[in-house]
Amino acid sequence: MLNDRSSILTLLQTRRSGKPREMVGPGPDEEEMAQILTAAARVPDHGKLFPWRFVTVADDQRDALALLFRQALSEEDPCATPAHHEAADQYARFGGSLVVLVSAPVQGHKIPVWEQELSCGAAAMNLLTAAHALGFVAGWITGWQSYSERVRQAFCGPGERIAGFIFIGHPARELEERPRAPLTTVWRPWTPPQL
Ligand SMILES: Cc1cc2nc3c(=O)[nH]c(=O)nc-3n(C[C@H](O)[C@H](O)[C@H](O)COP(=O)(O)O)c2cc1C
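Residues numbered from 1 in each chain as written. Predicted model: local features only at pLDDT ≥ 70, side-chain atom pairs only at ≥ 80, totals over all residues.

**Student:** For this particular structure, what's the right way to read the confidence of the model for the chain?
**Tutor:** Close reading of the predicted structure is inappropriate where its pLDDT is low. For the chain, the average pLDDT comes to 98, and 100% of its residues sit at 70 or higher. Per-element confidence in the chain ranges from a low mean pLDDT of 97 for helix 7 (residues 183–186) to a high of 99 for strand 3 (residues 97–103). (pLDDT = per-residue confidence, 0-100. Helix = DSSP H or I, 4+ residues; strand = E, 2+ residues; numbered from the N terminus.)

**Student:** Honestly, the nonpolar core in this entry has me stumped. Any pointers?
**Tutor:** A general trend in soluble globular proteins is that nonpolar side chains are found buried together. In terms of nonpolar packing, the biggest core is built from 36 residues, with L101, L127, A138 and I166 touching the most fellow members. Listing elements by their share of this core, those giving two or more residues are helix 2 (30–40), helix 3 (62–76), helix 4 (82–92), strand 3, helix 5 (113–133), strand 4 (137–141), helix 6 (149–155) and strand 5 (161–171). With 7 residues, the single largest contributor to this core is helix 5. (Core = buried A, V, L, I, M, F, W, Y, C linked by C-beta atoms within 7 Å. Buried ≥ 20, exposed ≤ 12 C-beta atoms within 10 Å, placed from the backbone.)

**Student:** Is there a simple way to explain the site of the ligand in this structure?
**Tutor:** In the neighbourhood of the ligand, the contacting residues comprise R16, S17, G139, W140, I141, T142, G143, G164 and R178. With 3 residues, the top contributor of residues to the shell around the ligand is strand 4. Of the residues that constitute the shell around the ligand, the class distribution is 2 nonpolar, 5 polar and 2 charged. (Near = placed C-beta within 6 Å. Nonpolar A, V, L, I, M, F, W, Y, C, P; charged D, E, K, R; others polar.)

**Student:** Explanation requested: the packing of helix 3 against helix 4 in the structure shown.
**Tutor:** Packed helices, taken two at a time, are described by the angle between their axes plus the distance between the axes. For the pair helix 3 and helix 4, the least separation of the axes is 8 Å and the interaxial angle reads 150°. Here helix 4 runs roughly antiparallel to helix 3, going by the angle between their axes. Considering the relative orientation of helix 3 and helix 4, their crossing is right-handed. Between helix 3 and helix 4, the contacting residues are R62, L65, A66, F69, R70 and L73 on the first element and H84, H85, A88, D89, Y91 and A92 on the second. (Axes fitted to C-alpha atoms, helices over the stretch in contact; angles between N-to-C directions. Parallel < 35°, antiparallel > 145°, perpendicular 65-115°, else oblique. Left-handed = near helix turned anticlockwise from the far one by under 90°. Contact = placed C-beta atoms within 7 Å.)

This is the structure:
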């Protein structure tokens, strides 16, 4: 069973993202979104720098998002075909609610940017898990949109970048499991070096 919410551990062990392109609403209401983002902001964060931001895109702002993508794609990829534009338009209109996760590291701080980016990844993971705990599915995607300068400027301040677009809703069809790393391939006891 996927997304088994009978205990915290079963949820963690069976959590399965939803595919944004197959997601339908409704997404979380304002109170649920606040619960999800409260969990997302409660992550390990060396130096208490809060190096992440959550930008919510309202349902009635999807036209504006689609327009932004159209503009960005036209400017940044002169070879983009109508099919590319169509795909970008669909991305902007995927179902559920949309949170844009922004990585906002403090530059020049003694805490390395790498550690701050890891904290942002942890925020994404908590966000996903909290959404699933409330009975939604969530999906974290990037795509060219996360690397576009035009899109970055629409969501980020200087020195910030988009860590991903996280859609939260319900699956339009039954979720399927995907391959998982066999524990034996990712877990080994340490062998101390010969010194
Ligand atoms: C940083 C990051 C970016 C991702 N970008 C995409 C993407 O653009 N498109 C996509 O289909 N999946 C993307 N994924 C993968 C999905 O979010 C998800 O991890 C995958 O479908 C497996 O889901 P699950 O292990 O959470 O069930 C990305 C994952 C991460 C961590």
